[in-house]
Amino acid sequence: MQKIAVIGAGTMGNGIAHVFAQNGFSVNLIDISETALQKALQTISKNIDRQIAKGTVSEADKTQTQANITTHTALADGVKEASLVVEAATENIALKLKIFQELDQHAHPDAILATNTSSISITKIAAATKRPAKVIGMHFMNPVPVMKLVEIINGYATDKNVTEQIVALSEKLGKVPCVVNDYPGFIANRILMPMINEAIYSLFEGVAGVAEIDTVMKLGMAHPMGPLQLADFIGLDVCLSILNVLHDGFGNPKYAPCPLLVNMVTAGYLGVKSGEGFYQYTPGSKELVVSPLHQNRG
């Protein structure tokens, strides 16, 4: 399994391509936007420069990693020779189903089709293909080059041999694979998102302020990042989408997204990506500044 295709050149896609390429795999990075592809290559270059500055890789490693990545705007061209395709497109079920229908037509019949989805049913995605036994979840954590975990999710029909191959492959990448089964939110987000949602409810109900909630969780529970800052980092729109998947999938009101989260996403306050969420973000600054919209809460 030397030829890998990665679909989607965004934050997750370029990180996944980076990790595979750095470990000697030939990677086809695919996106419909040439601009997105060029931006991804620039991001990968900057991220490797950080690794060089830390002494974990060399300039020669950077040259080889970059040489291992080829970009494509046509899905059919990018996946036809791949042994493994990792889809890392936007967390949108309709888009993912469309991509997997196309992959089923253009990828080699023996190719494994993986999705980096953080919450959408692997079984549902697999049902869009004629090879459900070869469809699996491969949920990397952000930032991909840094985070060790890969949550591997078996769909209802995923073949045991496919799971074993993906576990072994993850280990070759220097990752720690954890195999779970296909139920809403899997494990990572089934536990994480209710915690984030409860933190937002605590703010919404005036129990405490943004900084206080995050400080309690950082100092009291040894979390490296508070839940509200983490929500900003993930993207509040992504958090809302995952909570909706949990709420719809289980039909349990405990997963209902906080009205404050819904309002913030509706208003376009999405966190780091939009420049403001629970905190304000200024390019080049690492200082945590609570958003003026939340300074009087708590």
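Just so we're clear, the structure is a prediction, and the values are computed from it rather than from any experiment.

According to UniProt, the positions carrying the feature "domain: 3-hydroxyacyl-CoA dehydrogenase NAD binding" (unreviewed entry) are residues 3–182. Helix makes up 44% of residues 3–182 and strand makes up 22%, while its end C-alpha atoms are separated by 27 Å.

Once that is clear, we can look at the nonpolar core. Grouped together as the largest cluster of nonpolar side chains are 34 residues, with contacts concentrated most on Phe20, Leu84, Met138, Phe140 and Ile166. Of the residues forming this core, the biggest block, six residues, is contributed by helix α1 (residues 11–22). In contact with Met138, not counting residues within four places along its chain, are Phe20, Leu84, Val86, Ala114, Thr115, Asn116, Val150, Glu151, Ile153, Ile166, Leu169 and Ser170. Residues Ile200, Leu261, Val265 and Phe278 belong to the second largest nonpolar core, which totals 26 residues.

According to the stated counting rule, one finds four aromatic pairs in the structure shown. Taking 5.4 Å as the distance between ring centres and 85 degrees as the angle between the ring planes, the aromatic pair formed by Phe20 and Phe25 counts as edge-to-face. Comparing Phe20 with Phe25, the two get one shared label, buried. Ring centres of Phe20 and Phe140 lie 6.5 Å apart, and the angle between their planes is 70 degrees; this geometry places the pair in the edge-to-face category. Of this pair, Phe20 sits in helix α1 while Phe140 is found in strand β6 (residues 135–140), placing the two residues 120 residues apart along the sequence.

This part takes up the UniProt feature "binding site: NAD(+)" (unreviewed entry) in the chain. According to UniProt, the positions carrying the feature "binding site: NAD(+)" (unreviewed entry) are Gly8, Ala9, Gly10, Thr11, Met12, Gly13, Asp31, Glu91, Lys96, Ser118, Asn142 and Lys273. Inspection of the secondary structure assignment puts Gly8 in the loop between β1 (3–7) and α1. Residue Gly8 is classed as buried on the basis of its relative accessible area, which comes to 9%. Once you skip the residues sitting within four places of it in the chain, Gly8 turns out to touch Gly13, Asn14, Leu29, Ile30, Asp31 and Ala88. Residue position: Gly13 is located in helix α1.

Relative to the helices and strands, Ala76 is located in helix α4 (residues 75–79). Along the backbone, Ala76 and Ile200 are 124 residues apart, and their C-alpha atoms lie at a distance of 43 Å.

With that out of the way, let us pick up the domain arrangement of the chain. One frequent convention defines the size of an interface as the accessible area lost when the parts assemble. Per the domain assignment, the segments of the chain are domain 1 (3–181) and domain 2 (188–290). The gap between the C-alpha centroids of domain 1 and domain 2 is 27 Å. Facing the eight residues of domain 1 at the interface are six residues of domain 2. Taken together, the two surfaces of domain 1 and domain 2 that pack against each other cover about 530 Å², and 55% of this comes from carbon and sulfur. Seen at the junction of domain 1 and domain 2, the total is two residue pairs in polar contact (both at pLDDT 80 or more). Its residues assigned to classes, the side of domain 1 that touches domain 2 comprises two nonpolar, four polar and two charged.

Rules used throughout
Residues numbered from 1 in each chain as written. Predicted model: local features only at pLDDT ≥ 70, side-chain atom pairs only at ≥ 80, totals over all residues. Heavy atoms only, no water. UniProt positions renumbered as here; feature names shortened; annotations may be inferred. Helix = DSSP H or I, 4+ residues; strand = E, 2+ residues; numbered from the N terminus. Core = buried A, V, L, I, M, F, W, Y, C linked by side-chain atoms within 4.5 Å. Buried < 20%, exposed > 50% of the residue type's maximum accessible area, 1.4 Å probe, protein only. Contact = heavy atoms within 4.5 Å. Phe/Tyr/Trp six-rings, centres within 6.5 Å; stacked < 30°, edge-to-face > 60°. Domains from an automatic or database assignment. Buried area = accessible area lost by both parts, 1.4 Å probe. Polar contact = N/O pair within 3.5 Å; in protein donor to acceptor, adjacent residues only side chain to side chain. Nonpolar A, V, L, I, M, F, W, Y, C, P; charged D, E, K, R; others polar.

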